[in-house]
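Here is what each chain is made of, one letter per residue.
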Amino acid sequence: MSRIAVFGAGYVGLVTGACFAELGHEVMVRDIVPERIEELRAGRVPMHEPGLEELLARNAGRLGFTLDVEEALDGAEFAFVAVGTPPTYSGDADLSAVWTVVDSLPKLEQGLTLVMKSTVPVGTGEKVRANLDVRGLGGVAYVSNPEFLAEGSAVRDFMHPDRVVIGAFEPEHAARVAALYDSIETTVVTTDVASAEMIKLASNAFLTTRISFINEIANVCELVGADVMDVARGIGLDHRLGSHFLRAGVGWGGSCFGKDVSALKQLAGNSGYHFQLLSAVIEVNELQKRRLVAKLEKHLGKLRDRSIALLGLAFKPGTDDLRDAPSLVLASRLLAEGAEVRAWDPVADASHLLHGVTFCDSFLEAVQGADAAVIVTEWPELVGLLVPGVRDSMRNPLIVDGRNLLDPAAAHAAGFRYEGVGRPSLTHQAPVVAPDPDAVAQ
Ligand SMILES: NC(=O)c1ccc[n+]([C@@H]2O[C@H](COP(=O)([O-])OP(=O)(O)OC[C@H]3O[C@@H](n4cnc5c(N)ncnc54)[C@H](O)[C@@H]3O)[C@@H](O)[C@H]2O)c1
């Protein structure tokens, strides 16, 4: 069993640390935020991620948390980098946290393998290698080992990955990292560092391309009277295509997709190639959020003084992550149109990000007196919208379903006007009631 230091106690770092401990390794996780380390030492998990709390508790004997670099590296054979790589204003990845970790590495007695789990632009490994060599740390091995877990299923994804990708400058360095995953049954893809870095960026770019593609198909479906749910099913059954990531909706978000697609586009541009397809993928995603506002206007006219219930704020169900969540764009657009926004999410707290929004403790509270209920995140409990109590509590029983969570016929039968994404609008719907200016908070 090995001793592993993990830099970064975020979604990836914590899951990586907890899962390696579960596999029997001794793990020390280092972060720079004192409150985060205190919480973890006290046995509290600073984010919502199914299964993580239990995993941390079960492996507490093999897991430590520290603010101190030396303590993290004490006896460590591996140092995993799992710090954030957010976008800069130019769309490139901000590698400052990565470089802080690399720069903090001291000369060590023992041999160390530095493993990059953070998503970084192609060429980062070469630069880190050169930096280490210049600083007399030529003995530190460097390996790229990008992470593919998805929030909401992160523990399962780590323990049962579709593949483990390992890029190294020397075959024995790759073998060392591969050995850490020995007890996980999966395909290990061993390659050079640049290719490993590209596999991660290209995977996310492909996933977002599929979503933007089905969203464009959905938009055409609306014009020609087809139902994108059936269309996606029919497409997905083709074994050459598969059914994943063919769900039409308000568009992709989250901490990774936007920044990784933009980083790949910038990387291509900086290298002299205009990646046209990715430009379209990004633009389609932006427009998709705005189409939802247009749908509200189609039913309600101008949105000034309309009360809109925004249901679901996290970028997807199963997480409290709000980074790049479509809900943030939608809430801001609705506020800009003069609407009152009443928001609900079972776990995500957006009160520090959205000013002027009323946050509600339940979706039933959010829809009280609302002119529309907008499903932004497909939390399963929202199927509970289709009950007479909800319909009667709304000023206008309109549901705009940005995730195609509900069955349009069931919504119609329950007395709602219903608008999904890429699905035929139902005719003969209830008339729209005008806003009562006195009833809406200004
Ligand atoms: N979140 C995902 O679903 C996911 C999936 C695959 C890959 N990734 C990639 O993994 C990386 C980490 O993502 P995340 O979502 O876990 O980020 P995060 O923001 O949740 O966590 C990053 C952590 O690193 C800490 N940190 C910053 N500087 C540090 C330093 N010098 N030393 C130690 N800790 C430091 C931060 O305080 C924070 O706790 C990113 O590159 C991301 O693109 C993320």
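Quantities reported herein were computed from a predicted structural model and do not represent experimental measurements.

Q: Before we move on, could you go through the overall build of the protein chain and cite the residues and values that matter?
A: From N to C terminus, the protein chain includes 16 helices and 14 strands. Compactness check: the protein chain gives a C-alpha radius of gyration of 24 Å against a globular reference of 22 Å for 442 residues, within 12% of the reference. Oriented by its inertia axes, the alpha-carbon framework of the protein chain measures out at about 75 × 45 × 40 Å. For the protein chain, the proportion of its 442 residues judged to be buried stands at 45%. Restricting the contact set of the protein chain to residue pairs at least 6 apart, pairs at least 24 apart contribute 70%.

Q: Can you tell me about the sheet that holds strand 2 (residues 26-30), naming the residues and giving the values?
A: Picture the strands of a sheet paired through backbone hydrogen bonds; they go either parallel or antiparallel. The mixed open sheet is built from 8 strands, whose spatial order is 3-2-1-4-5-6-7-8. Each edge of the open sheet is held by one strand with a lone partner, namely strand 3 (63-66) and strand 8 (187-191). Shown here is a sheet whose adjacent strand axes are inclined to one another by a mean of 25 degrees, direction ignored. Where strand 4 (residues 78-81) and strand 5 (residues 113-116) come together, 4 bridges link them in parallel fashion. Opposite Ala79, over in strand 5, you have Leu114 as the bridge partner. Strand contacts of helix 8 (residues 171-180): strand 4, strand 5, strand 6 (141-144), strand 7 (163-168) and strand 8, with the helix running at about 150 degrees to strand 7, the strand carrying the most contacts.

Q: Please set out the environment of Arg41 residue by residue, giving values where relevant.
A: Tracing the sequence through the fold places Arg41 in helix 2 (residues 34-41). Sequence separation between Arg41 and Phe65 is 24 residues, and the spatial gap between their C-alpha atoms is 6.4 Å.

Q: Can you lay out the sheet that holds strand 11 (residues 358-359) for me, pointing to particular residues and giving the numbers?
A: If you trace the 6 strands from one edge of the open sheet to the other, you get 11-10-9-12-13-14, paired in parallel fashion. The open sheet has two edge strands, strand 11 and strand 14 (417-419), and neither has a second partner. Bridging between strand 13 (residues 398-401) and strand 14 involves 3 bridges; their strand directions are parallel. Residue Val400 lies in a different strand from strand 14, and its bridge partner there is Glu419. Seen against the sheet, helix 12 (residues 276-300) touches strand 9 (307-311), strand 12 (372-375), strand 13 and strand 14 and runs at an angle of roughly 160 degrees to strand 13.

Q: How would you explain the site of the ligand if you had to name every residue and give the values?
A: The ligand sits among 27 residues. The nearest are Gly8, Gly10, Val12, Ser118 and Thr119. Counting only elements with at least two residues in the shell around the ligand, the list comes to helix 1 (11-22) and helix 5 (96-104). The class makeup of the residues in the shell around the ligand is 13 nonpolar, 9 polar and 5 charged.

Q: Residue-level account of the nonpolar core, with values.
A: Ranked by internal contacts, the top residues of the largest apolar core, which has 81 residues, are Ala5, Ala79, Phe80 and Val81. It is helix 9 (residues 193-224) that provides the largest number of residues to this core, a total of 9 residues. Here this core spans two domains, and each of domain 1 (3-190) and domain 2 (192-442) adds at least three residues to it. In contact with Ala79, other than residues within four places in its own chain, are Ala5, Phe7, Leu73, Leu112, Leu114 and Val115.

Q: Can you tell me about the packing of helix 9 against helix 12, naming the residues and giving the values?
A: Running from N to C, helix 9 and helix 12 point in directions that differ by 55 degrees, and their axes come no closer than 9 Å. Considering their axes alone, helix 9 and helix 12 lie oblique with respect to each other. Our pair here, helix 9 against helix 12, has a crossing hand that is left-handed. Residue-level contacts link Ala205, Thr208, Thr209, Ser212, Asn215 and Glu216 of helix 9 to Leu277, Leu278, Val281, Val284, Asn285 and Gln288 of helix 12. The class makeup of the residues in the contact of helix 9 with helix 12 is 5 nonpolar, 6 polar and 1 charged.

Q: Can you lay out the pairing of strand 7 for me, pointing to particular residues and giving the numbers?
A: Of all the 6 residues making up strand 7, 5 are buried; the element is thus mostly covered by neighbouring parts of the structure. Here strand 7 runs beside strand 8; their pairing, made up of 5 bridges, is parallel. In the sheet register, Val164 faces strand 8, and the bridge partner there is Val188.

Q: Break down the environment of Arg30 for me, citing the residues and quoting the values.
A: Take Arg30: it is sitting in strand 2. The exposure class of Arg30 is buried, given the 27 C-beta atoms found within 10 Å. Remark: the alpha-carbon pair of Arg30 and Ala82, spanning 52 residues in sequence, is separated by 9.9 Å. Once residues lying within four places of it in the same chain are set aside, the contact partners of Arg30 are Ala5, Val6, Phe7, Thr66, Leu67, Val69 and Ala72.

Q: Go over the domain arrangement of the protein chain, please, and point to the residues and values.
A: The extent of an interface is frequently quoted as the accessible surface area lost upon association of the parts. Segmenting the protein chain into domains produces domain 1 (3-190) and domain 2 (192-442). Centre-to-centre, using C-alpha coordinates, domain 1 lies 33 Å away from domain 2. In this assembly, 29 residues from domain 1 lie in contact with 26 residues from domain 2. Secondary-structure elements contributing two or more residues to the side of domain 1 that touches domain 2 are helix 6 (124-134) and strand 7.

Q: Which residues make up helix 6, and what are the values?
A: Residues three or four positions apart in an α-helix share a direction because the helix packs 3.6 residues into each turn. All of the buried residues along helix 6 are Thr124, Gly125 and Val128. Along the axis of helix 6, the buried residues cluster in a sector spanning 95 degrees; they form a single face. Seen from the open side of helix 6, the exposed residues pointing more than 90 degrees away from its buried face are Ala130 and Val134. On its buried side, helix 6 packs onto helix 5, strand 5, strand 6, strand 7 and helix 9.

Q: So what's going on with unusual backbone geometry? Residues and values would help.
A: Leaving glycine aside, a negative phi is the common case for residues, and trans is the common case for peptide bonds. The residue Asp305 is not glycine, and still its phi comes out positive at about 70 degrees. With a phi angle near 60 degrees, Asp324 is a residue other than glycine that sits in the positive phi range. For Asp324, the position within the fold is in the loop between strand 9 and helix 13 (326-336).

Q: Go over the environment of Tyr11, please, and point to the residues and values.
A: By the element assignment, Tyr11 lies in helix 1. Separated by 37 residues in the primary sequence, Tyr11 and His48 have C-alpha atoms spaced 9.2 Å apart. The residues contacting Tyr11, other than those within four sequence positions of it, are Met47, Glu49, Glu151 and Ala154.

Basis of the calculations
Residues numbered from 1 in each chain as written. Predicted model: local features only at pLDDT ≥ 70, side-chain atom pairs only at ≥ 80, totals over all residues. Helix = DSSP H or I, 4+ residues; strand = E, 2+ residues; numbered from the N terminus. Rg over C-alpha atoms; globule rule 2.2 N^0.38 Å. Buried ≥ 20, exposed ≤ 12 C-beta atoms within 10 Å, placed from the backbone. Contact = placed C-beta atoms within 7 Å. Pairing = 2+ DSSP bridges. Axes fitted to C-alpha atoms, helices over the stretch in contact; angles between N-to-C directions. Near = placed C-beta within 6 Å. Nonpolar A, V, L, I, M, F, W, Y, C, P; charged D, E, K, R; others polar. Core = buried A, V, L, I, M, F, W, Y, C linked by C-beta atoms within 7 Å. Domains from an automatic or database assignment. Parallel < 35°, antiparallel > 145°, perpendicular 65-115°, else oblique. Left-handed = near helix turned anticlockwise from the far one by under 90°. Arc of directions from axis to C-beta.

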